[in-house]
Amino acid sequence: SDLSNIYPREVEEVLLKHPRVREVSVVGRQDPEWGEVVIAFVVGEGVDARELDALCLEHIARFKRPKEYRFLESLPKNNYGKVLKTELRKHLQ
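Scoring rules and cut-offs
Residues numbered from 1 in each chain as written. Predicted model: local features only at pLDDT ≥ 70, side-chain atom pairs only at ≥ 80, totals over all residues. Heavy atoms only, no water. Helix = DSSP H or I, 4+ residues; strand = E, 2+ residues; numbered from the N terminus. Rg over C-alpha atoms; globule rule 2.2 N^0.38 Å. Buried < 20%, exposed > 50% of the residue type's maximum accessible area, 1.4 Å probe, protein only. Contact = heavy atoms within 4.5 Å. Polar contact = N/O pair within 3.5 Å; in protein donor to acceptor, adjacent residues only side chain to side chain. Salt bridge = Lys/Arg side-chain N within 4 Å of Asp/Glu carboxyl O. Pairing = 2+ DSSP bridges. Axes fitted to C-alpha atoms, helices over the stretch in contact; angles between N-to-C directions.

Undergrad: Is there a simple way to think about the overall build of the protein in this case?
TA: Looking only at helices and strands, the protein features three helices and three strands. For the protein, the α and β elements follow one another from N to C terminus as α-β-β-α-β-α. Its C-alpha atoms give the protein a radius of gyration of 13 Å, near enough to 12 Å, the size a compact globule of 93 residues would have. A principal-axis box enclosing the C-alpha atoms of the protein has dimensions of 35 × 25 × 20 Å. Buried positions account for 38% of the 93 residues belonging to the protein. Sequence-distant contacts, at least 24 apart, represent 56% of the contacts inside the protein between residues at least 6 apart.

Shown next, in the form of structure tokens:
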């Protein structure tokens, strides 16, 4: 399910500007109040949500900002190195 008016790639590219973010994957989560909210899964050293929020506010519209950041050791990928967003969504159940 894709976010209306929000392209995960756009948010991912902004978060990747942070020098300590190695990888990031953005997914949408169904939300009773907002319809769908942005969740960012981030792989990086010593990065906190506040810094990432500030970065997002600098580069993209406020409503596109992730509602939540989840920090992981690594992102689940298939044999071709493509991030498995379906796996990430399971973390949101």
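Undergrad: How do you make sense of the side chain of E12 when you look at a structure like this?
TA: Mapping E12 onto the fold places it in helix α1 (residues 8-15). In this structure the side chain of E12 is engaged in a polar contact, spanning 2.8 Å, whose partner is the backbone nitrogen of V26. The contacts of E12, once residues within four sequence positions are left out, are V24, S25, V26 and K85.

Undergrad: Help me understand the pattern of salt bridges, please; the structure alone is not making it clear to me.
TA: Between side chains of opposite charge, a pair can form when the charged atoms approach closely. Enumeration according to the criterion identifies 12 salt bridges in this entry. The network of salt bridges with shared partners includes R9, E12, E13 and K85.

Undergrad: Please clarify how the sheet that holds strand β2 (residues 35-44) should be interpreted in this entry.
TA: Whenever strands of a sheet pair, they do so through backbone hydrogen bonds, lying parallel or antiparallel. In spatial order, the strands read β1-β2-β3; together these three strands make up an open sheet with mixed pairing. Across the chains shown, the open sheet's two edge strands, defined by having one partner strand only, are β1 (21-31) and β3 (68-71). Averaged over all adjacent pairs, the angle separating strand axes in this sheet is 25°, with direction ignored. By the bridge criterion, 10 bridges tie β1 to β2 in an arrangement that is antiparallel. Residue pairing in the sheet places V26 in a bridge with A40 of β2. Against the sheet, α1 makes contact with β1, β2 and β3, and its axis sits at roughly 145° relative to β1, the strand it touches most. Together, β1, β2 and β3 form the strand contacts of helix α2 (residues 49-59), whose direction differs from that of β3 by roughly 130°.

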